[in-house]
Amino acid sequence: MIKTGDTYQHELMFKQSDVEAFAKITGDNNPIHIDADYAAKTPFGRPIVHGFLSGAVFSKVFGTLFPGEGTIYLYQEMRFMAPVFVEQPYTAKFEVTEVNTEKHTALIKCTLADAEGKSCIDGAAKLKNNTQFI
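Per chain, residues are indexed from 1 in the order of the written sequence. pLDDT decides what is reported in this predicted model: residues at 70 or higher carry local features, side-chain atom pairs at 80 or more are listed and counted, and totals for whole chains, interfaces and linings draw on all residues regardless. For side-chain calculations, the full set of non-hydrogen atoms in the structure is used, while hydrogens and water are omitted.

*Asks:* Hey, could you run me through the side chain of threonine 105 in this one?
*Replies:* Numbering of helices and strands runs from the N terminus; a helix is a DSSP stretch of H or I covering at least four residues, while a strand is a stretch of E covering at least two. The residue threonine 105 is located in strand 4 (residues 105-114) in this model. Only heavy atoms matter for contacts: two residues are in contact if any of them lie within 4.5 Å across the pair. Every residue in contact with threonine 105, bar those within four places of it in the chain, is listed here: Leu74, Glu98, Val99, Asn100, Lys126, Leu127, Lys128 and Phe133.

The following block contains the structure:
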């Protein structure tokens, strides 16, 4: 059973092959993500991971790890605070801020932080899970 105040963390790293696969699947071929020469001329100095690929870690964790099976997304908000780069370690952090046991829903603060703890994505999600939010 998950309750208000519970936390969870998940370590991850993106590969350039992940970025290229995401570009192919979504059709988002913006050179900032896939062309190192182009990206070198931007303020980031190198390719950046797609924002929605970076944020997809939230879906992975919710659907498979915390709370896991049976979870239904009701909404997700995200603010992109800093770029995410390939081959760099990141930590997805989660904090349950509210649980409604009658509706089996929860609000969860979501953050993707770099190795120094700087927030790259800040957000929140509302989830439904009939076996975890009771």
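*Asks:* Looking at this structure, how should I read the sheet that holds strand 1 (residues 7-13)?
*Replies:* In a beta sheet, neighbouring strands pair by backbone hydrogen bonds and run either parallel or antiparallel. In this analysis, strands are considered paired if DSSP registers two or more bridges between them. Spatially, 1-3-4-5-2 is the arrangement adopted by the five strands of the open sheet, whose pairing is antiparallel. Across the chains shown, the open sheet's two edge strands, defined by having one partner strand only, are strand 1 and strand 2 (72-80). Between one strand axis and the next, the sheet turns by 20° as a mean value, whatever way the strands run. Pairing of strand 4 with strand 5 (residues 119-128) involves nine bridges; the strand directions are antiparallel. Directly across from cysteine 110, in strand 5, lies its bridge partner glycine 123. Note on geometry: axes are lines fitted to C-alpha atoms, helical ones only across the stretch in contact, with angles between N-to-C directions running from 0 to 180 degrees.

*Asks:* Looking at this model, I keep getting lost on the nonpolar core. Mind explaining?
*Replies:* Where a protein is soluble and globular, its nonpolar side chains tend to be buried together. Each nonpolar core is a collection of buried residues, namely Ala, Val, Leu, Ile, Met, Phe, Trp, Tyr and Cys, held together in the definition by side-chain atoms within 4.5 Å. Only protein chains enter the calculation, and the probe is 1.4 Å; a residue is then buried if its accessible area is under 20% of its type maximum, exposed if over 50%, and partly exposed in between. Counting 32 residues, the largest nonpolar core has Phe58, Phe62, Phe94, Ile108 and Leu112 as its most contacted members. Counting only elements with at least two residues in this core, the list comes to helix 1 (16-26), helix 4 (51-64), strand 3 (89-100), strand 4 and strand 5. Of all the elements, helix 4 adds the most residues to this core, at five residues. If near-sequence neighbours (up to four positions away) are discounted, leucine 112 is found in contact with Leu12, Ser54, Val57, Phe58, Val84, Tyr90, Thr91, Ala92, Lys118, Ser119, Cys120 and Ile121.

*Asks:* Even after reading the chapter, I still don't get the pattern of salt bridges, so can you show me in this structure?
*Replies:* When charged atoms on two side chains of opposite charge get close, those side chains can pair. When a carboxyl oxygen of Asp or Glu lies within 4 Å of a side-chain nitrogen of Lys or Arg, that pair is called a salt bridge. Counting across every chain of the model gives two salt bridges. Between aspartate 6 and lysine 3 there is a salt bridge, and its shortest N-O distance comes to 3.1 Å. By relative accessible area, which is 17% here, aspartate 6 ends up buried. Arginine 79 is paired through a salt bridge with glutamate 77; the nearest N and O atoms lie 3.3 Å apart. Residue classification places arginine 79 among the partly exposed residues on the basis of a relative accessible area of 43%.

*Asks:* Sorry, what's going on with helix 4 here?
*Replies:* Multiplying 1.5 Å by the helix residue count minus one yields the expected span of that helix. When the terminal C-alpha atoms of helix 4 are compared, their 21 Å separation across 14 residues agrees well with the 20 Å that a helix rising 1.5 Å per residue should span. Those residues of helix 4 lying buried are Leu53, Ser54, Gly55, Val57, Phe58, Val61 and Phe62. Turning to helix 4, the residues buried within the fold contact strand 1, helix 1, strand 2, strand 3, strand 4 and strand 5.

*Asks:* Looking at this structure, I do not really get unusual backbone geometry. What am I missing?
*Replies:* Apart from glycine, the bulk of residues carry a negative phi angle, and the bulk of peptide bonds sit in the trans form. Phenylalanine 66 connects to proline 67 through a cis peptide bond whose omega is 0°. Following the sequence through the fold, proline 67 ends up in the loop between helix 4 and strand 2. Of note, glutamate 87 is a non-glycine position whose phi angle comes to about 60°, a positive value. Mapped onto the elements of the fold, glutamate 87 is located in the loop between strand 2 and strand 3. The exposure class assigned to glutamate 87 is partly exposed, which follows from its relative accessible area of 46%. Non-glycine residue histidine 104 carries a positive phi angle of around 60°.

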